[in-house]
Amino acid sequence: MDQGRPVFAVDLLERYAAKGRGVITCMTAGNDVIVLGTSKGWIIRHDFGVGDSTEFDLTVGRPGEQSIHRVFVDPGGCHCIATVVGSGGADTFYTHAKWTKPRVLSRLKGLVVNAVAWNRQHITEASTREVILGTENGQLYEVAVDEKDKKEKYIKPLFELAELPEAIMGLQMETAIMSNGSRYYVMAVTPTRLYSFTGIGSLETVFASYLNRAVHFMELPGEIPSRQVLLDLHFFMKQKRAVHFAWLSGAGIYHGSLNFGSQRSSPNGDENFVENKALLDYAKLSTGAEVVKPSSMAVSEFHFLLLIGNKVKVVNRISEQIIEELQFDQVSDSTSRGIIGLCSDATAGLFYAYDQNSIFQVSVIDEGRDMWKVYLDMKDYTAALANSRDPLQRDQIYLVQAETAFSSRDFLRAASFYAKLNYILSFEEITLKFISVNEQDALRTFLLRKLDNLSKDDKCQITMISTWATELYLDKINRLLLEDDKALVNRNSEYQSIIREFRAFLSDCTDVLDEVTTMTLLESYGRVEELVFFASLKEQHEIVIHYYIQQGEAKKALEVLRKPAVPVDLQYKFAPDLITLDAYETVESWMASNNLNPRKLIPAMLRYSSEPHAKNETHEVIKYLEFCVHHLHNEDPGIHNLLLSLYAKQEDDSSLLRFLQCKFGKGQENGPDFFYDPKYALRLCLKEKRMRACVHIYSMMAMHEEAVALALQIDSELGMAEADKVEDDEDLRKKLWLMVAKHVIELEKGTKRENIRKAIAFLKETDGLLKIEDILPFFPDFALIDDFKEAICSSLDDYNKQIEQLKQEMNDATHGADNIRNDISALAQRYVVIDHDEDCGVCKRKILAIGGDYRMASGYTAVGTMAPFYVFPCGHAFHAHCLISHVTRCTNESQAEYILNLHKQLTLLGSEVRRESNGGMTDEAITSVSPPDKLRSQLDDAVAGECPFCGELMIGEISLPFIMPEEAQQQVTSWEIKQDLGNQRSLSLSV
């Protein structure tokens, strides 16, 4: 222990605490409240929390001298129980912090209370809840007091020590909430025994159960000390729960830990909640031959405070060593008796000592600072670590553990502890220790544990240690292979275990291991599988795929390629090897991928296609190309050309023909019907002698003559079908059918009459396109006309019908011409009657008005003195110049220029042709029209083709605005209100 730094400090708290009410006989504390009992029957309550004190005289009404025997206060400092003894017997009182007068517990009259157990878990300021009292004659009572009732709720006996009646010197009660109710734990001590009670239910139920079973107790025989020694029970409390206990017995200090959740049973059937029991012999506390026993004690977390004589010796509870002695500054009149006793305030964490007049406070400075060393000396390393304060202390603990394990040749355990050191030994010193004893496994373990303890910032050291550990793993693997030939097959062997461990290590250290160095190490040791494993961790997919291909495991290689992180370029790079290795799986993988460009797979497909395949074997490349064309709608000419070339090489040309007939661009606006190169397809089909395909390609390329010629070499019916495809070119169609006819006639080798009959039947198939005279040149000159009699007669009948039809059409044309002439003659006699007061539709003046103002300069013939005018069948009438002006204004610009140009030409001619008012036009006038008349006719058509008010001209004006843009400003200006101040008049109004 560090003797220079005290663990406990003593301070005088109150010099004259008894306040002249006698001398102090007993004391208790709780929550910064100290309650004293004096020799004159007074109890004095000092509340250091609020700084006041209260005095109660318990001798009122009692004869003779009275003295306070024992006083008790709850952990909260509110409830107080005191026993006063004197010549008149004993009485027990209860008082509350708020009361001014204590209440006597009448049912306890005559009983000397030595001990009180408070229900620390449930007590409140308003109620004590259940409280256990222990008496001088070995009886236990249950008491409950509510502050508002000003008296006890009940007092009932619980238990009595019948076997060995002794005074109850100390009590402690703990409760725990269980699923089936509240469990009580009660400890009681007498001068020779420590009793324990436990059970579920009420206190009364628990103690009643011991009427039928034995009470569990611990008996410590020894010399019973004098009454001046307080043989009571002491506890160290933590979070309102007793953690450690100590019994100041005649044989020594019996102490241990309390575990109220323990379910272990003692031999007699009671649950034993006391653990780590020990007995501190009083001989250890004495320096001489005479054994001196403490007269009082208190318990802290790690120490016993023992009152021996006039001093307090502090004894470490774990090491049982005296660490320091506490001295008290007493006045002369108190020195005669010295320190009377010790007590503790568990709530405030303070200890007190008292003599006849004064109170001393014993404060804990830092009692746990050296506990790690105490535990370390006792080899309790777990507790030592739990009580260590800094890394240096922990290093010392780990070092002792490591050295101990190393000395006992437990190198693996030593390695784990050495790895935790940070300050004491260097990394080099530790590694040399293991190297010196040739412990590679322990060295590897040390390195691995060291890695776990390093921070992420030590990147360089982490990489170095990881690389060293990798080499040690590889060395271990090779040594195991040399030692055991069957290690590769035995799955449970150490070799397989270290392989799994090594791979887990590589996975954990992927980010810190240097890629090049690690791969070099793996390669140098010949660990190909681990090399591939590490490459996959480092996403070196190319190495992994190459390895799987070498091993013939195409499926695993494809699984790697399907990973999202793998570049798509590797698909194209390894495609030739993979499709050669396993075409089915490769193509299935391609079809499942959605990011491949089929064009880049063409080299691989060509390599596969160049190899021989069985007849009944599915061509995987064709399957993939069909998938691209039909499902992916691929439009790449290279893909279509490759598929076409593979179809062309098949014995059955049905697939080729179906492919050629498909319109892959159907549905695309202005798109092609196919994407392959037709010239390439034609060359290929000619080379492979796929004639039907050639016919189709010729036809598709509009080379119909070549298509028909080739089709006729294959089949006449095919030739006819090709000839019939031409529909929009009659001459070409006839030419093609003549080719077919010639082939059919030349093909037949039968009798002449048979040839003629087949030729006649062929004519019927052409639907009249060919006549008998068209095919006659194909027959030999010596063919008899009799054989064609029927066909020739039929042809002549057709010609007669055509002639008659032409005659009828000529008659109809002549009749139509006569009707036209009659209509023209009738037009010259047509007239319209207008009223004399009819107005012009534009200028609103009379149409028949007489005056020179309306005469046209030229181009029109005036009727008498009237101006020229137009009258329409709808009834509207217009002066000629008004109509021209209106139409040019309302029509578009080009039409207006055309009308004005015609009018200008009429004016320039300067010749006016007057019409006879009642004259008519002859046929010669119709056929010979003079230039002015022609211009006037064109002008009439332009301006008078329809009524401007009823025709399209008026309909077009609907969309025009009422006010044109160029008129807008003028209209706005016309609506302005102008004020003329000079002309204003003042009007006076008389009231």
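Along each chain, the written sequence defines residue order, and numbers are assigned to residues from 1. At least 70 in pLDDT is required for a residue's local features to be given in this predicted model, at least 80 for side-chain atom pairs to be given and counted, and no such filter applies to totals for whole chains, interfaces and linings, which use all residues. Note: side-chain values were computed over all heavy atoms of the structure, leaving out hydrogens and water.

**Student:** Is there a simple way to explain the pairing of strand S25 (residues 322-326) in this structure?
**Tutor:** Looking along a regular strand, one sees the side chains alternate between the two faces of the sheet. Where strand S24 (residues 311-316) lies against S25, four bridges are found, and the strand directions are antiparallel. The residue of S25 that forms the bridge with Val312 is Leu326. Following DSSP output, two strands are said to pair if at least two bridges run between them. We count a stretch as a helix when DSSP gives it H or I for four or more residues in a row; a strand needs E for two or more, and each element gets its number in order from the N terminus. Linking S24 back to S25 in an antiparallel pair, the connection comprises five residues, with Glu320 at a positive phi of about 60°.

**Student:** Would you mind showing me how to read helix H12 (residues 528-537) here?
**Tutor:** Counting along an α-helix, one turn takes 3.6 residues, and residues three or four places apart therefore face a common direction. Per-residue accessibility, obtained with a 1.4 Å probe over protein chains only, is compared with the maximum for each type, and a residue is labelled buried under 20%, exposed over 50%, and partly exposed between these values. Listing the buried residues of H12 in full gives Glu530, Leu531, Val532, Phe534 and Ala535. Should any heavy atoms of two residues lie within 4.5 Å, those residues are counted as being in contact. Packing partners of the buried residues in H12 comprise helix H10 (494-508), helix H11 (515-524) and helix H13 (541-550). Immediately downstream of H12, the backbone of Glu539 shows phi near 60°, a positive value.

**Student:** Help me understand the pattern of salt bridges, please; the structure alone is not making it clear to me.
**Tutor:** Side chains that differ in sign of charge can pair as their charged atoms come close. Salt bridges are defined by distance alone: a side-chain nitrogen of Lys or Arg within 4 Å of a carboxyl oxygen of Asp or Glu. For the structure shown, the criterion picks out 34 salt bridges. One salt bridge in this structure joins Lys284 and Glu320, with 2.6 Å as the shortest N-O distance. Linking Lys284 in the loop between strand S21 (274-280) and strand S22 (296-299) with Glu320 in the loop between S24 and S25, this pair joins segments that are 36 residues apart in sequence. Judged by relative accessible area, which is 49%, Lys284 ranks as partly exposed. Glu620 is the partner of Lys623 in a salt bridge, and the nearest nitrogen-oxygen pair spans 2.8 Å. Placement of the pair is Lys623 and Glu620 together in helix H18 (residues 620-631), with a separation of three residues, close to one helical turn. Residue Lys623 is classed as partly exposed on the basis of its relative accessible area of 21%.

**Student:** What exactly am I supposed to notice about the sheet that holds strand S26 (residues 341-345) here?
**Tutor:** Strand pairing in a sheet relies on backbone hydrogen bonds. The paired strands run either parallel or antiparallel. The sheet built from four strands is open, its strands ordered S1-S28-S27-S26 with antiparallel pairing. Both outer strands of the open sheet, strand S1 (8-14) and S26, are each paired with one neighbouring strand and no more. The sheet shows a mean angle of 30° between the axes of neighbouring strands, direction not considered. Bridge count for S26 against strand S27 (residues 350-354) is five bridges, and the pairing is antiparallel. Of the residues in S27, the one forming a bridge with Cys343 is Tyr352. For every element, the axis is a line fit to its C-alpha atoms; helices are fit only across the contacting stretch, and the angle between N-to-C directions ranges from 0 to 180 degrees.

**Student:** I keep staring at the packing of aromatic side chains and nothing clicks. Help me out?
**Tutor:** Think of a pair of aromatic rings as described by two things: how far the centres are apart, and how the planes are tilted against each other in angle. Stacked, tilted and edge-to-face are the three classes applied to pairs of Phe, Tyr and Trp rings, where Trp contributes its six-membered ring and a pair requires centres within 6.5 Å; stacked means planes under 30 degrees apart, edge-to-face means over 60, and tilted covers the rest. Going through the model one piece at a time under the given rule, you end up with 26 aromatic pairs. Relative to Tyr210, the ring of Phe197 has its centre 5.1 Å away and its plane inclined at 85°; by these criteria the two rings are edge-to-face. You can see Phe197 sitting in strand S16 (residues 193-200) and its partner Tyr210 sitting in the loop between helix H1 (203-208) and strand S17 (216-219), a full 13 residues away along the chain. Across the pair, exposure class does not vary: Phe197 and Tyr210 are buried alike. Note on Phe406 and Tyr418: the rings are 6.3 Å apart at their centroids and 75° apart in plane angle, and the pair reads as edge-to-face.

**Student:** Mind showing me how you'd approach the confidence of the model for the chain here?
**Tutor:** For any part of a model where pLDDT is low, the fine detail of the predicted coordinates should not be relied upon. With 83% of its residues at a pLDDT of at least 70, the chain reaches an overall mean of 81. The predictor reports its confidence for every residue as pLDDT, a score running from 0 up to 100. Across the chain, the secondary-structure element scoring lowest on mean pLDDT is helix H31 (residues 923-927), at 42, and the one scoring highest is strand S11 (residues 131-135), at 95. Across residues 852-858 the pLDDT falls below 50, and counting only partners more than four positions away or on other chains, this stretch makes 14 contacts in the model. Predicted confidence for residues 911-929 stays below pLDDT 50, and this span has 13 contacts to residues more than four positions away or in other chains.

**Student:** Sorry, what's going on with the nonpolar core here?
**Tutor:** Nonpolar side chains tend toward joint burial in soluble globular proteins. For the purposes of this section, nonpolar cores are sets of buried Ala, Val, Leu, Ile, Met, Phe, Trp, Tyr and Cys residues that join through side-chain atoms within 4.5 Å. Within the largest apolar cluster, 60 residues are counted, with the highest numbers of intra-cluster contacts made by Tyr418, Phe434, Phe446 and Phe505. Here the element with the most residues in this core is helix H9 (residues 459-483); it accounts for eight residues. Each residue touching Phe505, except ones within four places of it in the same chain, is listed here: Leu448, Leu451, Ser466, Ala469, Thr470 and Tyr473. By size, the runner-up hydrophobic cluster in this structure holds 46 residues, among which are Ala583, Leu646, Val695 and Ala707.

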